[in-house]
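Chain by chain, the residues:
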Amino acid sequence: MAMATATAPLIEAAGLSISFNGSAALSDVDFDVASGEIHALVGENGAGKSSLMKILGGLYSPDAGSIRVRGEPITLTNVNDATRAGIVIIHQELNLVDTLSAVDNIFLGKELRTRMGFPDRRAMREAAAKVLAQLGFRATPETLVGTLRVGEKQLVEIAKALLADARVLIMDEPTSALSDIETQALLALARDLRERGIGIVLISHRLGEVFAVADRVTVLRDGRRIATMQMQHVESSAALVSMMIGKDFAPPERSEAEAPQERPLAVDVRGLTLRGPARALVSDVSFSVQQGEVFGISGLLGAGKTEILEAIFGISSYRREGEIHIAGSARAIDSPDRAAAAGLAFVTEDRKKDGLVLDQSLEANLLLPSLSRVPGFPFYRRRRMHAWAASQARASNVKHRSLAQDASTLSGGNQQKLIIGKWLMTTPRVLLLDEPTRGVDVAAKAEIYRQILAAAREGVTVIVASSEIDELMLLSDRILVMCEGHARGVLAREQFSGDVLIKMASP
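Residues numbered from 1 in each chain as written. Predicted model: local features only at pLDDT ≥ 70, side-chain atom pairs only at ≥ 80, totals over all residues. Heavy atoms only, no water.

Here's the deal with the sheet that holds strand β2 (residues 23-33)
Paired through backbone hydrogen bonds, the strands of a sheet run either parallel or antiparallel to each other. Our working definition: In short, DSSP must find at least two bridges between two strands for them to pair. Secondary structure is summarised from DSSP: a helix means a run of H or I of at least four residues, a strand means a run of E of at least two, and numbering begins at the N terminus for each. A fitted line through C-alpha atoms represents every axis, and for helices the fit uses only the stretch in contact; the resulting angles, taken between N-to-C directions, go from 0 to 180 degrees. Contact criterion: two residues are considered in contact whenever any of their non-hydrogen atoms come within 4.5 Å of each other.
Pairing within the open sheet is antiparallel, and its four strands lie in the order β2-β1-β4-β5. Each end of this open sheet is capped by a strand with a single partner; those strands are β2 and β5 (72-74). When the angles between neighbouring strand axes are averaged without regard to direction, this sheet yields 30 degrees. Bridge analysis of strand β1 (residues 11-20) against β2 gives seven bridges, and the strand direction is antiparallel. Bridge assignment links F20 to a residue of β2, and that residue is S23. Lying over the sheet, helix α1 (residues 49-56) contacts β1, β2 and β4 (64-69), oriented at roughly 60 degrees with respect to β2.

This is how it looks when you write it as structure tokens:
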């Protein structure tokens, strides 16, 4: 373990409290980060982690409490104050300009200049290329950010923070959209930064990462600090989750008896090829999925996982070749309406952009995919519809004050449960899931796993694309491994191995 050499922490917060609309987000919280330390911050969605980090990053002003940087009192009134103090946040929610390139986003507002005062494009490109290469970024620095997938955008966000010369680097769910290989590269980089004396705050729902790299861990629950411990004193992931939720936690398990026997084919993909302007993103991929089976799709960023799901649901923007058979017949699915009519449901990877209408109520979001199926629509009984939505919210365990509150007010985990719940209300035959637990806390993730397995037991066919190998090995009956648009093979459950999956997915 790298230990602090300075007598004072790099940053130290004492008694921080903050409320929003009369509701306490933080109550009397102490927190500090030493030089050369990785300090993990864990808790359920809504526990106060992001609020604490936004105070330390100058985005929020606390109602009470104090902050010291290297022993000196400081008032952080804005992001510039924090940056000057050497504190940089890598936000969970991406903060990039889609119409600019990766390198322009990285240096936005802090451009390197020549002696004549002009932007030094070559120097910026070289610096950006170097740090992006460290992170395993596969596109060029000149690539428009708007053309990148979520995980690739996350790498740009990380590079942006690293080039700001931070003394304290706050990583808020930095690996939520990364594959296992990209995650390992980032964790290796975090260890290297620790050795250079940088203090790192790691906020992560992936507790394996916390155990792998953290020196200390602080647990928040309902805006209060429950404990701060050296990692060697934490017994297990389950013990840590139990502190987070305030009760004993049992991780989800899957019985081998749940594996489906021979059943009719629900989805049959034959020779699927998706061609973009310059190249094929998916090349001659074939697979079939039985009714009631959980079928996983694994691969690195850009392997074609999302593109396959989009093609099945009929929303792919690429030229398609090959056939997709649903329930034994080749269907011309080219819109969400036709997909829903065929019994398909699709939980996209970006819940805020594609999954929810954030400024609409929970009830409106739950009912939206099902309205056209209601007898007598649009002349339906309002009270009955409200009861239907309330029943699904309870079944999905969406924690909320009222069905009338906006979806934007929910934590990330509850937003994800809301999206899955709204599609389950359509009673789908096939449920497509793209990164279903990205940015979701461990307890909410366990609930989502149980929903997925329960749906499969009821005969729903589930196809799940995920960058988390452990997730796929827990849920899936079989896993298709993709590499750069090509199918590397399909593994049966008895063949599952993290090492094998990573090797197959690697170029």
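Structure's up, so let's keep going.
What about the domain arrangement of the chain?
Formally: Residue ranges assigned to the domains are those given by an automatic or database domain assignment. Defined in terms of a 1.4 Å probe, buried area is the accessible area two parts forfeit on being brought together, summed over both. A pair is scored as a salt bridge if a Lys or Arg side-chain nitrogen falls within 4 Å of a carboxyl oxygen belonging to Asp or Glu.
Looking at the chain, the domain boundaries give domain 1 (9-245) and domain 2 (266-343 + 429-440 + 461-506). Measuring from the centre of the C-alpha atoms in domain 1 to the corresponding centre in domain 2 gives 32 Å. At the junction of the two partners, domain 1 supplies 17 residues and domain 2 supplies 15 residues. When the two sides are added together, the surface that domain 1 and domain 2 hide from each other amounts to roughly 1,500 Å², 53% of it contributed by carbon and sulfur. Applying the counting criterion to the domain 1 and domain 2 interface returns two salt bridges. Among the secondary structure elements, those contributing two or more residues to the side of domain 1 that touches domain 2 are α5 (150-162) and α6 (180-195). It is α5 that contributes the most residues to the side of domain 1 that touches domain 2, four residues altogether.

Digging into the packing of helix α14 (residues 412-424) against helix α15 (residues 442-457)
Condition: When describing relative orientation, an angle under 35 degrees is termed roughly parallel and one over 145 degrees roughly antiparallel, while 65 to 115 degrees is termed roughly perpendicular and anything else oblique. By convention the crossing between two helices is left-handed if the near helix lies anticlockwise of the far one by an angle smaller than a right angle, and right-handed if it lies clockwise.
Running from N to C, α14 and α15 point in directions that differ by 15 degrees, and their axes come no closer than 10 Å. With respect to α15, the element α14 is oriented roughly parallel. Crossing geometry of α14 relative to α15 is assigned as left-handed. For the pair formed by α14 and α15, the contact residues are G413, Q416, K417, I420 and L424 on the first element and A444, E447, I448, Q451 and A455 on the second.

So, the packing of aromatic side chains
What characterises a pair of aromatic rings is the spacing of the ring centres plus the angle enclosed by the ring planes. Formally: Working definition: rings of Phe, Tyr and Trp (its six-membered ring) pair if their centres are within 6.5 Å, and the pair is stacked with planes under 30 degrees apart, edge-to-face with planes over 60 apart, and tilted otherwise. Only protein chains enter the accessibility calculation, which uses a 1.4 Å probe; a residue is then buried when its area is under 20% of its type maximum, exposed when over 50%, and partly exposed in between.
Summed over the entire model, instances satisfying the criterion amount to four aromatic pairs. A ring pair is formed by F313 and F346, whose centres lie 5.4 Å apart and whose planes are at 55 degrees; its orientation type is tilted. Pair noted here: F313 is in helix α9 (residues 305-313) and F346 is in strand β16 (residues 344-347), with a separation of 33 residues, a long-range link. Exposure class is identical for F313 and F346. Each is buried. Aromatic pair F313 and W423: ring centres 6.1 Å apart, planes at 85 degrees, arrangement edge-to-face. A residue pair is termed long-range when its members are at least 10 positions apart, and F313 in helix α9 and W423 in helix α14 qualify at 110 residues. A relative accessible area of 4% places F313 in the buried class. Among the residues examined, W423 registers a relative accessible area of 13% and is labelled buried. Linked through ring pairs, F313, F346 and W423 together constitute an aromatic cluster.

Observations regarding the environment of Y318
Take Y318: it is sitting in the loop between α9 and β14 (319-326). With 38 residues separating them in the primary sequence, Y318 and A280 have C-alpha atoms 8.8 Å apart. In contact with Y318, other than residues within four places in its own chain, are L274, R275, G276, L281 and E307.

Examining the pattern of salt bridges
With the rule as written, the count across this model stands at 20 salt bridges. Across the pair D104 and R121 runs a salt bridge, and its minimum N-O distance is 2.6 Å. Residue D104 is found in helix α3 (residues 102-106), and its partner R121 is found in helix α4 (residues 121-134); the two are separated by 17 residues along the sequence. According to the relative accessible area criterion, R121 is partly exposed, its value standing at 43%. One salt bridge in this structure joins E323 and R270, with 3.9 Å as the shortest N-O distance. Here R270 lies in strand β11 (residues 265-275) and E323 lies in strand β14, a separation of 53 residues in the sequence. For E323, a relative accessible area of 39% puts it in the partly exposed group.

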